[in-house]
Amino acid sequence: MRVGLPSCKKSLDYYACIKNKFLIRDKGPRRWDIGHYGTPALELSSPKSVSQKEVSRFINTLIRLEFPEMEFPEGIDRSLQKGIPIYSSKLYDISGVKYVLSEDPIPKNYRLKLIYSSHQFFLYEYLNSWPYFYFADRIQTMNDFEKLYDAEKGVAYLWENEPKMPFLTTSAGKSKGIKLNKFTFDSMEFTYSLEKSEFLVISDAWHHNWHARINDKELKVFKANGIFKGISLPPGQGTVKLYFDNSPYRPGIWVSIFGWIFFLGSWLFVILRTQQFKLINSNSMLR
């Protein structure tokens with residue numbers, strides 16, 4: 001998560017705030033990155049992204065419940081990307097945030113541990129986050145993102161309209177283990193060993209194109225904790241593979257490729273014809 005100090009615009013002593021924020025620093029005055037603080041046309045490194053609607057609702061609901069007094073002129077999503085003055089949050093906890101990045105040294109917080117600092121940035125380890133993946137101690141239902149405001153660590157929250165789980169048991173004290181072996185932008189692979197069925201929660205955004213398989217057997221990917229992935233694993237040892245099916249996007253990709261080929265071909269044809277006409281006209285004038 002990228003965070004930062006509050007803006008000096010509303011500070012009672014604006015110049016003192018600017019001095020403390022940019023000039024009087026343990027590592028010396030802040031260095032400005034070319035292209036980031038320049039004109040809009042040159043902000044090549046500025047945050048640019050698109051979020052799923054549910055992800056945006058998830059973020060906005062938790063932040064506004066926890067910090068109702070805060071104002072977000074550019075919206076919460078954009079503020080989070082640019083560096084928001086929130087150094088610990090329930091949103092960070094449930095999302096599995098491991099590190100906090102700031103361009104400024106931030107106030108001491110018992111949930112943060114400084115692990116690196118330089119002229120450009122300060123990196124903190126966030127100590128209160130939930131695991132990136134875990135076996136649920138128990139399963140509860142939810143009908144709104146507000147339910148997650150009081151979420152308990154280790155619990156899996158499923159939407160009420162989800163199909164009923166084949167089991168709702170726990171296996172406290174039983175032997176169980178899981179290991180992440182592969183992680184890419186469109187696939188994951190876990191190996192596990194269980195004495196009883198378990199429900200695995202992964203703090204990675206759910207999408208209907210995500211699929212899961214064990215030994216070529218399709219598993220349902222539930223929507224857990226509002227927007228993340230959940231999978232019911234059978235007992236025994238095995239490997240569960242998750243992959244994103246991008247086949248629905250392939251027709252659009254091919255249309256785009258052929259469109260570019262047609263555009264470039266037409267552009268080249270026009271240039272060649274223009275050159276040909278100029279050559280003919282110049283020959284005619286010489287005669």
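Residues numbered from 1 in each chain as written. Predicted model: local features only at pLDDT ≥ 70, side-chain atom pairs only at ≥ 80, totals over all residues. Heavy atoms only, no water.

Undergrad: Talk me through the packing of aromatic side chains; I want residue IDs and the actual numbers.
TA: Counted by the stated rule, this structure contains twelve aromatic pairs. Where Phe 58 meets Phe 228, the ring centres are 5.7 Å apart and the plane angle is 75 degrees; that geometry is what we call edge-to-face. Of this pair, Phe 58 sits in helix H2 (residues 53–66) while Phe 228 sits in strand S14 (residues 228–233), and the two are 170 residues apart along the sequence. A single burial state applies to Phe 58 and to Phe 228, both of which are buried. Relative to Phe 121, the ring of Tyr 116 lies with its centre 5.4 Å away and its plane at 40 degrees, an arrangement referred to as tilted. With relative accessibility at 42%, the residue Tyr 116 sits in the partly exposed group. Since its relative accessible area comes to 30%, Phe 121 is described here as partly exposed. Sitting above the plane of the Phe 222 ring, Lys 220 keeps its charged end 5.3 Å from the centroid. The ring of Trp 210 carries the charged tip of Lys 229 above its face, separated from the ring centre by 4.1 Å. (Phe/Tyr/Trp six-rings, centres within 6.5 Å; stacked < 30°, edge-to-face > 60°. Helix = DSSP H or I, 4+ residues; strand = E, 2+ residues; numbered from the N terminus. Buried < 20%, exposed > 50% of the residue type's maximum accessible area, 1.4 Å probe, protein only. Lys NZ or Arg CZ within 6 Å of the ring centre and 35° of its normal.)

Undergrad: Can you tell me about a nonpolar patch on the surface, naming the residues and giving the values?
TA: Nonpolar side chains collect at one region of the surface, where Tyr 99, Leu 101, Ile 115, Tyr 116 and Phe 121 lie side by side and expose about 450 Å² of accessible area between them. Broken down by secondary-structure element, the contributors of at least two residues to the nonpolar patch are strand S2 (99–102) and strand S3 (112–117). Note that Phe 121 resides in the loop between S3 and strand S4 (122–126). (Patch = residues over 30% accessible without salt bridge, like charges linked within 9 Å, V, L, I, M, F, W, Y side chains within 5 Å. Areas by Shrake-Rupley, 256 points an atom, 1.4 Å probe, with all protein chains shown as cover. Salt bridge = Lys/Arg side-chain N within 4 Å of Asp/Glu carboxyl O.)

Undergrad: Before we move on, can you summarise the side chain of Asn 225 with the specific residues and values?
TA: One can find Asn 225 in the loop between strand S13 (222–224) and S14. On the basis of relative accessible area, Asn 225 is assigned to the buried category, the value being 0%. Setting aside its immediate chain neighbours within four residues, Asn 225 contacts Phe 58, Ile 94, Trp 130, Tyr 134, Leu 148, Val 155, Ala 156, Tyr 157 and Val 201. (Contact = heavy atoms within 4.5 Å.)

Undergrad: Break down unusual backbone geometry for me, citing the residues and quoting the values.
TA: Residues other than glycine seldom take positive phi values, yet Asn 215 does so here, at roughly 50 degrees. Asn 215 gets classed as exposed once you look at its relative accessible area, which sits at 67%. Positive phi, normally seen in glycine, also occurs at Asp 216, with a value near 70 degrees. Mapping Asp 216 onto the fold places it in the loop between strand S11 (210–214) and strand S12 (217–219).

Undergrad: Lay out the sheet that holds S2 with the relevant residues and their values.
TA: One open sheet holds the four strands; their spatial order is S1-S2-S4-S3, and the pairing between them is mixed. In this open sheet, the two strands that pair with only one neighbour each are strand S1 (2–3) and S3. Note that S3 and S4 share five bridges and pair antiparallel. By the bridge assignment for S4, Tyr 116 is matched with Leu 123. (Pairing = 2+ DSSP bridges.)

Undergrad: Describe the state of the cysteines, with residues and values.
TA: Applying the stated criterion across every chain yields a total of one disulfide. Linked covalently through their sulfurs, Cys 8 and Cys 17 form a disulfide whose S-S length is 2.0 Å. Between Cys 8 and Cys 17 the sulfur-sulfur dihedral comes to about -75 degrees; the bridge is accordingly left-handed. (Disulfide = S-S within 2.5 Å.)

Undergrad: I'd like a rundown of the sheet that holds S12, residues and numbers included.
TA: Read across the open sheet, the five strands follow the order S8-S9-S15-S11-S12; overall the sheet is antiparallel. Of all the strands in the sheet, just strand S8 (176–184) and S12 have a single pairing partner and so form its edges. Pairwise comparison of adjacent strand axes, ignoring direction, gives a mean angle of 25 degrees for this sheet. (Axes fitted to C-alpha atoms, helices over the stretch in contact; angles between N-to-C directions.)

Undergrad: Summarise the pattern of salt bridges; cite the residues concerned and give the values.
TA: Across all of its chains, the model carries seven salt bridges by this definition. Here Arg 2 ties to Glu 103 by a salt bridge, and the two come within 3.0 Å at their closest N and O atoms. Note that Arg 2 is positioned in strand S1 and Glu 103 in the loop between S2 and S3, a separation of 101 residues in sequence. On the basis of relative accessibility, which here comes to 19%, the residue Glu 103 falls in the buried class. The partner of Asp 93 in a salt bridge is Arg 111, with the nearest N and O atoms 3.7 Å apart. In this pair, Asp 93 sits in helix H4 (residues 90–95) while Arg 111 sits in the loop between S2 and S3, placing the two residues 18 residues apart along the sequence. Given the relative accessible area of 8%, Asp 93 is considered buried.

Undergrad: Please set out the side chain of Ser 79 residue by residue, giving values where relevant.
TA: Structurally, Ser 79 can be placed in helix H3 (residues 76–82). You can call Ser 79 buried: its relative accessible area is 13%. For Ser 79, the residues in contact, after removing those within four places along its chain, are Phe 72, Glu 74 and Ile 84.

Undergrad: Before we move on, could you go through the nonpolar core and cite the residues and values that matter?
TA: Within soluble globular proteins, side chains that are nonpolar generally end up buried alongside one another. In this structure, Phe 58, Ile 59, Ile 63, Leu 91, Tyr 92, Leu 148 and Phe 199 are the most contacted members of the largest nonpolar core, which totals 40 residues. Counting only elements with at least two residues in this core, the list comes to H2, H3, H4, S4, strand S7 (155–159), strand S10 (198–205) and S13. Here Phe 58 is in contact with Leu 91, Ile 94, Ser 95, Phe 145, Leu 148, Asn 225, Ile 227 and Phe 228, once residues within four sequence places are set aside. By size, the runner-up hydrophobic cluster in this structure holds 16 residues, among which are Phe 135, Ala 212, Val 221 and Val 240. (Core = buried A, V, L, I, M, F, W, Y, C linked by side-chain atoms within 4.5 Å.)

Remember, this is a structural readout, not a statement about activity or role.
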